[in-house]
Amino acid sequence: MKAVRLTTVGEEKRLEMREEPLPSPGRHEVLVRVHAASLNFRDHAVLNHPYGAAMKKDVIPLSDGAVGDRVVANCFLHWIGGPFLPDYRAGSVGFSVDGMLAEYVVLPETALVHLPASMSYIEAASLPCAAGAAWSSLNLATPLQPGQTVLIQGTGGVALFALQIARMFGARVLAITSSDEKAAKLKELGAESFILALTDGQGVDKVIDIAGEKTIVKSAASARIRGEITVVGSASGLGGALSPVDILYRSLIIGSSTIGPRTNPEALIKAMTMHGVRPVIDRVYPFSEYQEAYRRIQGGGHISKVVIDVAH
């Protein structure tokens, strides 16, 4: 089979396609054919930032993919339900275990979620990490409710899934972005421009913070009293200087998204099927052009998910 490995030469990380023998499944594992895989921001970030001892040497990257027998796998292979436990990091797809950027992959049978006939492999490959993070983020401390207001940032996978999920639940979505093209796509999906007056000066119920350093203070300022801020990423840096006084004064609830257990994609796929909601796909690249897919993410011009068609 063909597989892409994330290798390290000196201080430099490289992506390298190799010919390898098929992996062999063990007890309670299945060998499945990968049809498509999608990139998340962290898949690009890992090329430039260390992830410590948790990163498997020469790992096959990418957490998200759709595989034969019409299934997807949860990003944490052994997290079925309940709260997150540190041991689950040992089953992080594309990081501590081999990921989806290969023609075949071995997975635990308990990690798999079946797909509806209405969803293509390309669409399904976009779901596990980004959609799971969006689902968890919108239910950080309290369940998302109809009529609540959600603020999202940008047009990445997590942001657009959060928009789609919030709209399914009857919530109002405000969005900020960097270009007219992206703003048009956000409005097409049901978002509004962000002006504090739109919330009658009260602030939003939930904020999905993607960028981190450059946005966390503004995210806090945008939230209502007792509002929830979920930190999903750190695309703009690891600082931020959010004052404890700002948190205490308005009783803000701040946490992070851990993607979620297998029960999340199960519930999300049912909801999307019921409401006729389909994932937004930016571009699809053939397997041989996987480097171009990475460059598309690096450039930042993408809208939602970049997918690699592993079967072609």
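Naming follows an unreviewed UniProt entry, where the protein chain appears as Putative alcohol dehydrogenase of Aspergillus novofumigatus.

Participant: How would you explain the layout of surface pockets if you had to name every residue and give the values?
Facilitator: Taken as a whole, the second largest pocket encloses approximately 220 Å³ of empty space. As for the second largest pocket, its lining consists of 17 residues, and the residues nearest its centre are Val97, Asp98, Val105, Val106 and Leu107. When residues of the lining of the second largest pocket are assigned to their parent elements, the largest contribution, 5 residues, is made by strand β6 (residues 104-108). Its residues placed into classes, the lining of the second largest pocket shows 10 nonpolar, 2 polar and 5 charged.

Participant: Please give an account of the packing of helix α3 (residues 128-137) against helix α4 (residues 157-168) that cites residues and values.
Facilitator: Any two packed helices are characterised by how steeply their axes cross, that is the angle between the axes, and by the distance between the axes. Where α3 meets α4, the closest approach of the two axes is 8 Å, and the angle between their N-to-C directions is 55°. In terms of orientation, α3 and α4 fall into the oblique class. α4 is crossed by α3, and the crossing has right-handed handedness. Across the interface between the two elements, Ala130, Ala131, Ala133, Ala134 and Trp135 of α3 pack against Gly157, Val158, Phe161, Ala162 and Ile165 of α4. Broken down by class, the residue content of the contact of α3 with α4 amounts to 9 nonpolar, 1 polar and no charged.

Participant: Residue-level account of the environment of glutamate 213, with values.
Facilitator: Along the chain, the position of glutamate 213 falls in the loop between β11 (204-209) and α6 (216-222). Along the sequence, glutamate 213 and alanine 241 sit 28 residues apart, while their C-alpha atoms lie 7.8 Å from each other.

Participant: Just give me the short version of the packing of aromatic side chains, but keep the residues and values in it.
Facilitator: Evaluated as defined, the whole model comprises 6 aromatic pairs. The interplanar angle of 15° and the centroid separation of 5.7 Å between the aromatic rings of tryptophan 79 and tyrosine 88 together place this pair among those described as stacked. Through pairs of rings, three or more aromatic residues link up here, namely Phe76, Trp79, Phe84 and Tyr88. Above the plane of the ring of tyrosine 121 lies arginine 70, whose end atom (NZ or CZ) is 5.2 Å from the centre.

Participant: Kindly report on the sheet that holds β11, identifying the contributing residues and their values.
Facilitator: Strand order in the open sheet made by the 6 strands is β10-β9-β8-β11-β12-β13, with parallel pairing throughout. Each edge of the open sheet is held by one strand with a lone partner, namely β10 (192-193) and β13 (253-256). The pairing of strand β8 (residues 149-153) with β11 spans 2 bridges and is classified as parallel. Residue leucine 151 lies in a different strand from β11, and its bridge partner there is valine 207. Across the sheet, α4 lies against β8, β9 (172-176) and β11, angled at about 165° from β8, the strand it touches most.

Participant: Describe the domain arrangement of the protein chain, and please don't skip the residues or the numbers.
Facilitator: Annotation of the protein chain at the domain level lists domain 1 (2-129 + 259-309) and domain 2 (141-256). Centre-to-centre separation of domain 1 and domain 2, based on C-alpha positions: 26 Å. Residue-level contacts link 17 residues of domain 1 with 13 residues of domain 2. Both sides of the domain 1 and domain 2 interface together cover about 1200 Å² of buried area, and 75% of this is carbon and sulfur. Three residues, Val280, Ile303 and Ser304, lead the burial of domain 1 against domain 2; their summed loss comes to 40% of the area buried on that side. One can count 0 salt bridges joining domain 1 with domain 2. Counting across the domain 1 and domain 2 interface gives 4 residue pairs in polar contact (both at pLDDT 80 or more). Residue composition of the side of domain 1 that touches domain 2, grouped by class: 9 nonpolar, 6 polar and 2 charged.

Participant: Residues and numbers for unusual backbone geometry, please.
Facilitator: Here the phi dihedral of aspartate 69 falls at roughly 65°; this positive angle occurs in a residue that is not glycine. Checked against the element boundaries, aspartate 69 lands in the loop between β4 (64-67) and β5 (71-73). Using a relative accessible area of 61% as the deciding quantity, one classes aspartate 69 as exposed. Unlike most non-glycine residues, serine 251 shows phi in positive territory, near 55°. Along the polypeptide, serine 251 turns up in the loop between α7 (244-249) and β13. Residue classification places serine 251 among the partly exposed residues on the basis of a relative accessible area of 33%.

Rules behind the numbers
- Residues numbered from 1 in each chain as written.
- Predicted model: local features only at pLDDT ≥ 70, side-chain atom pairs only at ≥ 80, totals over all residues.
- Heavy atoms only, no water.
- 1 Å grid on protein atoms, 1.4 Å probe; cavity = no way out; pocket = protein on both sides within 12 Å on 5 of 7 lines; lining within 4 Å.
- Points joined across faces, edges and corners; volume = space filled by probe spheres on them.
- Helix = DSSP H or I, 4+ residues; strand = E, 2+ residues; numbered from the N terminus.
- Nonpolar A, V, L, I, M, F, W, Y, C, P; charged D, E, K, R; others polar.
- Axes fitted to C-alpha atoms, helices over the stretch in contact; angles between N-to-C directions.
- Parallel < 35°, antiparallel > 145°, perpendicular 65-115°, else oblique.
- Left-handed = near helix turned anticlockwise from the far one by under 90°.
- Contact = heavy atoms within 4.5 Å.
- Phe/Tyr/Trp six-rings, centres within 6.5 Å; stacked < 30°, edge-to-face > 60°.
- Lys NZ or Arg CZ within 6 Å of the ring centre and 35° of its normal.
- Pairing = 2+ DSSP bridges.
- Domains from an automatic or database assignment.
- Buried area = accessible area lost by both parts, 1.4 Å probe.
- Salt bridge = Lys/Arg side-chain N within 4 Å of Asp/Glu carboxyl O.
- Polar contact = N/O pair within 3.5 Å; in protein donor to acceptor, adjacent residues only side chain to side chain.
- Buried < 20%, exposed > 50% of the residue type's maximum accessible area, 1.4 Å probe, protein only.

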